[in-house]
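Tertiary structure, described
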Amino acid sequence: MDIIQEVEKLYMKEETASFKVADVVKVEYLIREGDKERIQPFVGQVIRFGGSGIRKTFTVRRIVQGEGVERTFPLHGPRVTNVIVQRGPTKKPRRARLYYLRDRVGKSASL
Amino acid sequence: MASTKFILARKKGMTQFFREDGTVVPVTVLEAGPCTVTDLRTTERDAYTAVQLGFVPARENGKHVNKPQLKSFEKNGTKAFRVLREFRVDDLEGFEVGGELTADLFEIGDMVDVTANSKGRGFAGTIKRHGFSRGPETHGSRNVRAPGSIGQCAYPGRVFKGQRMPGHFGAKRITVKNSIVEGVHADLGLILVRGGVPGPPNGLVQVVTAKTGVKK
């Protein structure tokens with residue numbers, strides 16, 4: 001195996017939460033407030049995966065006060081403590097990256 | 001072991017890892033050693049002290065090693081190596097011909113100077129070589145990648161020495177100073193050095209304890 005992949009494996013999470021594009025997930029993200037740490041959840045729909053190996057990321061989209069908000073998390077980042085699938089799509093998405101959801105509002109944006 | 005550590009390595013490529021607090025550490029993966037001490041330079045014989053390291057075993061068919069070198073290896077009773085490099089040391093104690101140096105010599109937090117030949121870029125223009133600005137590409141401009149003015153007029157009437165111009169770029173010995181060792185994997189013979197390292201993948205690299213700089 002490629003030696004770089006082997007090195008990355010040493011630093012990667014052994015097991016990552018299993019979820020797919022179009023799943024509605026709750027991402028538990030550790031944030032720091034002063035000297036305390038707490039989990040800040042971010043709930044939304046996964047619209048893409050990016051990168052590979054230890055640099056693999058995923059982007060979660062949600063609507064906050066009528067405005068679309070997207071956040072990209074590193075899958076292997078230690079601050080991402082857990083990703084919980086809340087709901088799957090009603091039908092399988094036909095593409096890997098759901099950018100078309102950005103142009104949709106309301107019911108047509110649901111899967 | 002002497003205070004100055006040194007080893008020969010091969011650059012394998014770059015990657016990154018996360019620290020506990022979520023910050024990302026960019027690292028270059030170096031396949032360090034194993035190196036064999038193939039010879040010692042002593043004050044009595046050579047008027048200086050140094051350790052000669054061999055790296056990358058040579059093929060049996062003698063393709064990589066010429067006869068005088070082979071005799072030298074035979075005399076010292078070591079295997080033949082493709083790469084030989086000398087490292088100056090003040091004290092030869094702890095080194096003996098045939099001894100091995102491996103990646104576990106280094107530990108996390110060590111500051112090192114990394115030396116290698118940079119990638120050759122051939123005959124390069126001033127933009128690539130010296131970071132000059134480019135001219136406009138449209139509006140009738142014919143000054144796209146040209147170097148521009150190289151001096152004044154009748155006074156001084158010449159081009160100053162050291163004027164930066166196009167020419168051969170790269171393929172030069174470059175030392176990156178005070179890099180930090182961020183990881184050591186002795187089982188794989190690897191050390192991870194923070195940041196970039198000159199040269200192409202699989203290029204030969206020398207890693208030496210930093211001459212200046214304070215350990216964090």
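Residues numbered from 1 in each chain as written. Chains lettered and ligands numbered in written order. Predicted model: local features only at pLDDT ≥ 70, side-chain atom pairs only at ≥ 80, totals over all residues. Heavy atoms only, no water.

1. Re the sheet that holds strand 4 (residues 67-74) of chain A
All names here are of chain A. We apply this condition: Two strands qualify as a pair provided that DSSP identifies no fewer than 2 bridges between them. The helix and strand labels rest on DSSP assignments: H or I over at least four residues marks a helix, E over at least two residues marks a strand, and numbering proceeds from the N terminus. Fitting a line to C-alpha atoms yields each axis, with helices limited to the stretch in contact; the angle taken between N-to-C directions then spans 0 to 180 degrees.
Pairing within the open sheet is antiparallel, and its five strands lie in the order 4-3-2-1-5. Each edge of the sheet is formed by a strand with only one pairing partner; in this case those strands are strand 4 and strand 5 (80-87). Taking each pair of neighbouring strands and ignoring which way they run, the sheet shows an average axis angle of 40°. Note: strand 2 (residues 36-50) against strand 3 (residues 57-64), five bridges, orientation antiparallel. The residue of strand 3 that forms the bridge with Val46 is Val60.

2. Concerning the domain arrangement of chain B
Residue and element names in this part refer to chain B. The criterion, for reference: The domain boundaries here were taken from an automatic or database domain assignment. In this description, contact between two residues means that some pair of their heavy atoms is separated by no more than 4.5 Å. What gets called buried area is simply the loss in accessible area from a 1.4 Å probe that two parts show on being joined, summed for both. Any carboxyl oxygen of Asp or Glu within 4 Å of a side-chain nitrogen of Lys or Arg constitutes a salt bridge here.
Examined at the domain level, chain B breaks down into domain 1 (6-121 + 174-209) and domain 2 (122-170). Measuring from the centre of the C-alpha atoms in domain 1 to the corresponding centre in domain 2 gives 39 Å. With four residues of domain 1 at the contact, the number on the domain 2 side is six residues. Interface of domain 1 and domain 2: buried area, both sides summed, is about 330 Å²; carbon and sulfur atoms make up 62% of it. If you sort the residues of domain 1 by the area they bury against domain 2, Ser118, Gly120 and Arg121 come out on top, with a joint share of 97%. Applying the counting rule to domain 1 against domain 2 returns zero salt bridges.

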